[in-house]
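What follows is each chain in one-letter form.
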Amino acid sequence: PKSQNVMNRPPRKPSEHILSKDLQVLTVFNGLLLAVAATALFFVTSKYFGLREARTLTVTLIVLIEAAYVQSVRELYNQKLFSNKWVVLSVIGVVLLQVIAVHTALRKIFKFTALTFQQWVYVLIIAIIVYYVSLIVSKFLSKLYEPHKR
């Protein structure tokens, strides 16, 4: 992410990792959070909706959570939500591609099914909850680890 004071900071020490400690912790945490949310959603929805719907809902949730993860990482670097139009456009593009995969003939290739409005709402609610949990952890980590004085 673009940082205002990047040229004023000294270079990192060769012994330091490329990924900072806070980014490592956030990545592991988000991976675990994603795994728990996706697995829970799959098992619950496969019981009530069937395998094809469960697969579609789970993949859609993963896409939405990964799109939100971009902002969690940006939050570590104090980047605002709409500060980079290319990031915003790419996130919108990824979500649109998922909508296309679910609601066009492509769904036959992926063995998806069209989601109802109610199913989209369920997935969005779960993704928003995961996003805010990730955002809280990101803010906590940025306070806990301030190796670069971002």
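Residues numbered from 1 in each chain as written. Predicted model: local features only at pLDDT ≥ 70, side-chain atom pairs only at ≥ 80, totals over all residues. Heavy atoms only, no water.

Participant: Can you help me understand the overall build of the chain in this one?
Facilitator: When you go through the chain residue by residue, the secondary structure sums to five helices and zero strands. For the chain, the N- to C-terminal ordering of α and β elements is α-α-α-α-α. Considered along the principal axes of its C-alpha atoms, the chain spans approximately 55 × 30 × 25 Å. Relative to its full complement of 150 residues, the chain shows a buried share of 34%. For the chain, restricting intrachain contacts to residue pairs at least 6 apart in sequence, the fraction spanning at least 24 positions comes to 72%. Of the roughly 9,900 Å² that the chain leaves accessible, carbon and sulfur atoms contribute 70%. (Helix = DSSP H or I, 4+ residues; strand = E, 2+ residues; numbered from the N terminus. Buried < 20%, exposed > 50% of the residue type's maximum accessible area, 1.4 Å probe, protein only. Contact = heavy atoms within 4.5 Å. Areas by Shrake-Rupley, 256 points an atom, 1.4 Å probe, with all protein chains shown as cover.)

Participant: Can you walk me through helix α5 (residues 117-144) in this structure?
Facilitator: Residues separated by three or four positions in an α-helix point in the same direction, a consequence of the helix having 3.6 residues per turn. If you check α5, its first and last C-alpha atoms are 40 Å apart, about what 28 residues at 1.5 Å a residue would give, namely 40 Å. Taken together, the buried positions of α5 are occupied by Q119, W120, V123, A127, V130, Y131, S134, L135, V137, S138, L141 and S142. (Expected span 1.5 Å × (residues − 1).)

Participant: Please clarify how the packing of aromatic side chains should be interpreted in this entry.
Facilitator: Counted by the stated rule, this structure contains three aromatic pairs. Judged by centre distance (5.9 Å) and plane angle (75 degrees), the rings of F42 and F43 are edge-to-face. Classification of F42 by relative accessible area gives partly exposed; the value is 25%. Between Y131 and Y132 the ring centres are 5.1 Å apart and the planes differ by 70 degrees, which places this aromatic pair in the edge-to-face class. Taking the relative accessible area as the measure of exposure, Y131 reaches 17% and is therefore buried. (Phe/Tyr/Trp six-rings, centres within 6.5 Å; stacked < 30°, edge-to-face > 60°.)

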